[in-house]
Amino acid sequence: MVLFLKAPFCFMMRQKDLLWVSGQLALFLVYLFTPEIVVLKKVQFFTNIGFVLMCLGAVILVVVLLQLQSSLSPFPSPRKATKLVTTGLFKWVRHPIYTGILIILFGYSVAYASLSKLIITIIFLNFFYWKAHYEETLLTVRFPAYKKYKTQVGMLFPKIKR
C-alpha cells in the first residue's frame, strides 16, 4: 500500500521538476533572443563593472559545480544518494548556482546597457526565488537539518548579520 501511494507522488514531483526546468530554459531563450526595446547609452565605467560581475558569476558557477560534483542535478528534487552540502559557497548562500547565474545576467545587462535584459534578469530573480522555495520544501523533507540551515544562511544572497 505504501509503495502504491509513493509512486504517484514521485510521478507528480518529476512532472513539477520538468516544469521548473522547462520554465528556466524558456526564460534563458527569452533572455538570449529578446531584442533591445530601448537603446541606452553605454558608459565605459558600467561596461567594465558589468564584465567584472560576469566574471564573478562565472567563478561562482565553476566553484559550485566543482563542489557539487555527483550531487549536481538540473532538477529541484534532491537525488536519492545525495548528501546535504553546507560547506564552501553553501556556507554563505543556499542556492549559489542561481546566485552565479543572476550575477552573470545582471552583469551582462549592465555591460551592454540593456534595459530589456535587466527586466528579464528581474523576472529570473523572481523565478529562482519560487524555484528555490519549491526545492527547499523537498530538501526539508529529505534532510531534517535543512530547517535549521535555512535560518542561518541566505537563500540567493548572503545574510547580513547584525
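1. As for the overall build of the protein
And step 1. Counting its regular elements, the protein contains 5 helices and 0 strands.
And step 2. Seen through its principal axes, the protein has C-alpha atoms that stretch 65 × 35 × 30 Å.
And step 3. Within the protein, residue pairs in contact and separated by at least 24 positions form 79% of the contacts whose partners lie at least 6 positions apart.
And step 4. Total accessible area on the protein is roughly 10800 Å²; 74% of this is exposed by carbon and sulfur atoms.
And step 5. In the protein, 19 positive and 4 negative side-chain charges are present, and the distance between their average locations comes to 8 Å.

2. What to know about unusual backbone geometry
And step 1. Positive phi is not limited to glycine here, since Ala113 has a value of about 50 degrees.
And step 2. Along the polypeptide, Ala113 turns up in the loop between helix H3 (96–111) and helix H4 (115–142).

3. As for a nonpolar patch on the surface
And step 1. Taken together, the side chains of Ile37, Val38, Leu40, Leu115, Ile119 and Ile123 define a hydrophobic patch exposed on the protein surface, amounting to about 530 Å² of accessible area.
And step 2. Note that Ile119 resides in helix H4.

4. Looking at the packing of H3 against H4
And step 1. Two elements in contact, H3 and H4, have axes separated by 9 Å at closest approach and are oriented at 175 degrees. When the axes of H3 and H4 are compared, the pair comes out roughly antiparallel. Here Tyr98, Ile101, Leu102, Leu105, Phe106, Tyr108 and Ser109 of H3 come into contact with H4, specifically with Lys117, Leu118, Thr121, Phe124, Leu125, Phe128, Lys131, Ala132 and Glu135.
And step 2. Within the contact of H3 with H4, the residues separate by chemical class into 11 nonpolar, 2 polar and 3 charged.

About the criteria used
Residues numbered from 1 in each chain as written. Predicted model: local features only at pLDDT ≥ 70, side-chain atom pairs only at ≥ 80, totals over all residues. Heavy atoms only, no water. Helix = DSSP H or I, 4+ residues; strand = E, 2+ residues; numbered from the N terminus. Contact = heavy atoms within 4.5 Å. Areas by Shrake-Rupley, 256 points an atom, 1.4 Å probe, with all protein chains shown as cover. Lys, Arg positive; Asp, Glu negative; His and termini not counted. Charge placed at Lys NZ, Arg CZ, Asp CG, Glu CD. Patch = residues over 30% accessible without salt bridge, like charges linked within 9 Å, V, L, I, M, F, W, Y side chains within 5 Å. Salt bridge = Lys/Arg side-chain N within 4 Å of Asp/Glu carboxyl O. Axes fitted to C-alpha atoms, helices over the stretch in contact; angles between N-to-C directions. Parallel < 35°, antiparallel > 145°, perpendicular 65-115°, else oblique. Nonpolar A, V, L, I, M, F, W, Y, C, P; charged D, E, K, R; others polar.

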